[in-house]
Amino acid sequence: FFAYNDYRERFGYADISVLRDAALSSPCKSVLLNGFRQKHLEYLAPYIRDTVELLYLFKCNTIADLSVLSTFPKLKCVLIFWNNKLETLWDVQKNQKLEVLSFLTVTKLRNIDSLRNSQIQYITFDSSDNCGNRKPCLLENTEVFREISTLKYLKLIYNKYAIDY
């Protein structure tokens, strides 16, 4: 397991290429990215995509596009905690090994159509904040879950809307 903190906190104002060097010297299956922005994820992705199986995006609340994840061939699990920009999932069908999605406090996600016919087994969408307050469900089409033949567990927690199946 290797954790990359926000490059500004960990490396001061050093060039972000320091992260590239760290990724190349320590290829890992599990990566935690803390406080990353869109450009940082896109910069680092080519250096971690061939080995990462578990990706945890912690407080990466400005990342709006996760399409780069469709290039991660070994990705099995994606965990996202606190994101205020993501509205659409990436093409998860390209991640043939992806089994787990967990989105906690991802407040603007609307389009999950790419889950249709995916290999996902476990899904959590929980809008609760640290105080237990829930946001309204913005998902446009929850019927998509019926089309995931491999789905074993589904948890949706939103204001006035809770499913734990």
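In short, a report on the structure.

**Overview of the overall build of the chain**
- A count of helices and strands for the chain gives three helices and eight strands.
- If you list the helices and strands of the chain from N to C, you get β-α-α-β-α-β-β-β-β-β-β.
- When burial is assessed residue by residue, the chain has 43% of its 165 residues classed as buried.
- Excluding contacts between residues fewer than 6 apart, the proportion of contacts in the chain whose partners are at least 24 apart in sequence is 46%.
- On the chain, roughly 8500 Å² of surface is accessible, and the fraction owed to carbon and sulfur atoms is 47%.

**Focus: the nonpolar core**
- Ranked by size, the top nonpolar core spans 43 residues in total, and within it Trp-90, Phe-103, Leu-115, Phe-125 and Phe-145 carry the most contacts.
- For this core, the secondary structure elements donating two or more residues are helix H2 (17–25), strand E2 (30–34), helix H3 (38–48), strand E3 (54–58), strand E4 (77–83), strand E5 (100–106), strand E6 (122–126) and strand E7 (153–158).
- No other element matches H3, which puts four residues into this core.
- Discounting chain neighbours no more than four positions away, the residues touching Phe-103 are Val-78, Ile-80, Leu-86, Leu-89, Trp-90, Leu-109, Thr-124, Phe-125 and Asp-126.

**A few points about the pairing of E6**
- Burial analysis of E6 places four of its five residues in the buried class, which makes it a mostly covered element.
- Across five bridges, the pairing between E6 and E7 is parallel. What sits directly across from Asp-126, in E7, is Ile-157.

Rules behind the numbers
- Residues numbered from 1 in each chain as written.
- Predicted model: local features only at pLDDT ≥ 70, side-chain atom pairs only at ≥ 80, totals over all residues.
- Heavy atoms only, no water.
- Helix = DSSP H or I, 4+ residues; strand = E, 2+ residues; numbered from the N terminus.
- Buried < 20%, exposed > 50% of the residue type's maximum accessible area, 1.4 Å probe, protein only.
- Contact = heavy atoms within 4.5 Å.
- Areas by Shrake-Rupley, 256 points an atom, 1.4 Å probe, with all protein chains shown as cover.
- Core = buried A, V, L, I, M, F, W, Y, C linked by side-chain atoms within 4.5 Å.
- Pairing = 2+ DSSP bridges.

Scope: geometric values only; no functional claims are made or implied.
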